Amino acid sequence: HGDHTIMLENLLHSPISVSLLASIVGLLVLHFLYSTFTSQDNQQEPPGPKPLPLLGNLLQLNLKRVDSSLFNLSKKYGPVFTVYFGPKKVVVLAGYRAVKQALVNQAEEFGDREVSPIFHDLNNGHGIIFSNGNSWQEMRRFALTTLKDFGMGRRISERMIIEECHYLTEDFEQHKASNIMSTFLFGKRFEYTDPDLQRMVERDHEIIYLTGSPSILIYNLLPWLGPFLKNWRDLMKIMKNLNASTRRIISDLKGTLNPETCRCFVDAFLSRKQSLEESEIKDSHYHDDNLLHSVTNLIAAGADTTANTLRWCLLFMAKYPHVQDQVQDELGRVVGNRQVRIEDRKNLPYTDAVIHESQRLANVVPIAVSHKTSKEVNFQGYGIKKGTTVFPLLTSVLYDESEWESPHTFSPSHFLDEEGKFIRRDAFMPFSAGRRVCIGESLARMELFLFFTSLLQRFRFTPPPGVTEDELDLSPLVGFTLAPSPHELCAVRRQ
Ligand code: HEM
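Residues numbered from 1 in each chain as written. Predicted model: local features only at pLDDT ≥ 70, side-chain atom pairs only at ≥ 80, totals over all residues. Heavy atoms only, no water.

- The UniProt entry for the protein carries the following comment under Cofactor (unreviewed entry): "heme". (UniProt positions renumbered as here; feature names shortened; annotations may be inferred.)

Set out below in C-alpha cells:
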C-alpha cells in the first residue's frame, strides 16, 4: 500500500506524467460518452410488443385487417414502433406527425421501396411502383412528364374525363377509370362491353385483392411455400395473362408507330427507346420489361383506386341522404343542368368537402405501399438500420385523433370553416407524401370530382328496396386496397 502511494506521488510530481494521466482519463471519458451516445443511436430500436421466436408478433396481428391491428398497437407503443411479421422486422410510422416527418422531412432516408417476394415475382424489379435506384428514378420521371404532356392535370384531361362522363351516365358502368388510364397509355378508350376491357379490369381487381390476402402475407415470409398456395398459383396465372394481353396491345401500337406524332404513353416510350438505340446507347432503362411493367403499374395504380373511391362516395351518399340532399342542392344552385367543369370546384365547397371526406373515411390505400430505409436513420431518438421495412400507416393519419374532430364518423365539416368555405387539412394524406408520393393525384382528383358531380346531377342514390340506410354495410373488402363490400344500390334518374 505504501509503495503505491509513493508511486502515485512520484507520478503526480512529474509534470509530464500528470498531463499523460489527464489525457488518458480524458480519452476514457470521451470514449465512454461516445460509446453510450452511439450505442443509443445504433441499438435503441423503436419499442414494440415482445416477439416470439420465429412467429414474431403474428399472434397479435389480425392478418385480415393488418392496418387496424397496427393502429391499435400504436395507441400503446407510440408513433414509431417495431413489429415482427414472423422473423421479419417492420418499423411502423403512425399518426400525421410521424408519417410527415419521415416521408417529407427525411424523404431520402425513408424513400426506398420495399419489394416483397410477391411483388418481385410480379415485376422483377421493373416498372415504377416496385423498383428502386436509377431505373425507378428514370421510369418515374418519364411517366410523370409523359402523362403531363398528354394532359394529366390539365384541360385536355378535363375534356377526356367529360367525354367519359357522357358514356358513364348513359350506360351506368364502373369501367370509367380504366378507360381514362387506357386513353393515356394506349390512345384509345374501350366500349364498356369490350371483353378486353372487362378482362383487364377483372385481372387488376383480382391482383390487388389477392396480393393483400393473408396467405400471400405468409408467402412473403416463407417464399418456398408459393407453389403450395392457391392464391399464389392464381396470381402467377393472372399476371401471365395480363402481361400477354398488354404485350399484344403494345405490339399493335409498335406496328403503327410514327415517332413524329405520338398518340400515347406507349408511343412516347417506344420512340424514346428507338432514338436511344439509334444513337447506339446500350443498357438504357428504356427496354421492353420496363415498358410492360410501367404500363401494368399505371393501370393497377390508377384504375382500381379511383373506381373504388368513387364507389365509396356513392355508398356514403346512399347511407347519408341528408348529405346527398345538400350536394344536389349546391349543384343545382351553382351549376344547374349543364356539364360541370373543373373551374366550378371553387364554387362548390360543400361538394368538394364531401369528396374529401369520402376519401378520408374510405382510406383506400391503408398502409400506402411499403417503404424501406435507404441508409441508417436516426428518427425521434431511435436508430433504424439501413434496409429496414417501413410501413407508413395512412389509416392512422386519416383517422388521427389529434388531427380530426370526429375521426370515425362521416363528417364533411372536417373540410369546411364556419362560413362554409372549403378548407385544406394537412392530415388529408390518402396519396401519401414525399419521394414516393402518388404520381396520379391530380388526375385522380379531377376524375373523382367530374364523375361524382356528373352522376349526382343525374341520379339519386338509394339503398335497394327493403333495405334501410342503417343497414348499408360500411365494412370494407380488404385486399392491398380497401374496397366497399359487394352491395347493391339504386340509381334513380332525377327528372
Ligand atoms: C384515388 C386514387 C388514388 C389513390 C388513393 C392513390 C394512392 C397512392 C398511394 C397511397 C401510393 C403509395 C405512395 C407511397 O409509396 O408512399 C401511390 C403510389 C403510386 N400511384 Fe397512386 N393513387 C391513386 C390514383 C393514381 C392514379 C390515377 C395513377 C396514375 C396516373 C397513380 C399512379 C401511382 C404510381 C405510379 C405510384 C407509385 C409511385 C412510386 O413508387 O414512385 N395513382 N398511390
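So much for the structure itself; the text now carries on.
Description of the pattern of salt bridges
- In the structure shown here, the tally under the stated rule is 17 salt bridges.
- The shortest N-O distance in the salt bridge between Asp112 and Arg435 comes to 3.3 Å. Residue Asp112 is located in strand S3 (residues 112-113), and its partner Arg435 is located in the loop between helix H16 (394-398) and helix H17 (441-458); the two are separated by 323 residues in the primary sequence.
- A salt bridge links Asp267 to Arg263, with the shortest nitrogen-to-oxygen separation between them at 2.7 Å. (Salt bridge = Lys/Arg side-chain N within 4 Å of Asp/Glu carboxyl O. Helix = DSSP H or I, 4+ residues; strand = E, 2+ residues; numbered from the N terminus.)

Description of the coordination of the iron atom of the ligand
- Its sole protein donor being Cys438 (SG), the iron atom of the ligand sits 2.3 Å from that atom.
- By secondary structure assignment, the location of Cys438 is in the loop between H16 and H17. (Donors = N, O, S within 2.8 Å, 3.2 Å for Na, K, Ca; no water.)

Describing the environment of Leu144
- As for its position among the elements, Leu144 is in helix H6 (residues 133-149).
- Measuring from C-alpha to C-alpha, the distance between Leu144 and Gly440 comes to 8.3 Å, with 296 residues separating the pair along the chain.
- Look past the residues within four positions of Leu144 in its chain and what remains in contact with it is Met152 and Ile439. (Contact = heavy atoms within 4.5 Å.)

Thoughts on the pairing of strand S1 (residues 80-85)
- The element S1 is largely enclosed, with a buried count of 5 among its 6 residues.
- Once S1 ends, the chain turns through 2 residues before running back antiparallel as strand S2 (residues 88-94), passing Gly86 with a positive phi of about 60°. (Buried < 20%, exposed > 50% of the residue type's maximum accessible area, 1.4 Å probe, protein only. Pairing = 2+ DSSP bridges.)

Comments concerning the nonpolar core
- If you look at the biggest cluster of nonpolar residues, it comprises 116 residues, and the most contacted ones within it are Leu70, Phe85, Phe265, Val266, Met317 and Phe452.
- Setting aside residues up to four positions removed in sequence, Leu70 forms contacts with Leu61, Phe81, Val83, Val92, Phe391 and Leu393.
- Ranked by size, the runner-up nonpolar core spans 17 residues in total, among them Phe119, Leu225, Met239 and Val369. (Core = buried A, V, L, I, M, F, W, Y, C linked by side-chain atoms within 4.5 Å.)

Some remarks on a nonpolar patch on the surface
- Taken together, the side chains of Leu52, Leu55 and Leu59 define a hydrophobic patch exposed on the protein surface, amounting to about 290 Å² of accessible area.
- Mapping Leu55 onto the fold places it in the loop between helix H2 (15-43) and helix H3 (66-77).
- Accessibility expressed as a relative area gives 39% for Leu55, which makes it partly exposed. (Patch = residues over 30% accessible without salt bridge, like charges linked within 9 Å, V, L, I, M, F, W, Y side chains within 5 Å. Areas by Shrake-Rupley, 256 points an atom, 1.4 Å probe, with all protein chains shown as cover.)

Describing the UniProt feature "transmembrane region" (unreviewed entry) in the protein
- Per the UniProt record, the feature "transmembrane region" (unreviewed entry) sits at residues 12-34 and 207-226.
- Annotation note: span residues 207-226, helix share 65%, strand share 0%, distance between end C-alpha atoms 15 Å.

Let's talk about the environment of Lys319
- You can see Lys319 is positioned in helix H13 (residues 288-319).
- Along the backbone, Lys319 and Thr468 are 149 residues apart, and their C-alpha atoms lie at a distance of 8.4 Å.
- Sequence-distant contacts of Lys319, defined by excluding residues within four places in its chain, comprise Glu469, Asp470, Leu472 and Leu474.
- For Lys319, the side chain forms a polar contact with the main-chain oxygen of Glu469, separated by 3.0 Å. (Polar contact = N/O pair within 3.5 Å; in protein donor to acceptor, adjacent residues only side chain to side chain.)

Some points on unusual backbone geometry
- Positioned with a positive phi, Leu54 is a non-glycine residue whose angle comes to about 65°.
- Tracing the backbone shows Leu54 in the loop between H2 and H3.
- Within the chain, Gln380 stands out as a residue other than glycine whose phi angle is a positive 50°.
- Here Gln380 is to be found in the loop between strand S5 (377-379) and strand S6 (382-384).
- Classification of Gln380 as partly exposed rests on a relative accessible area of 34%.

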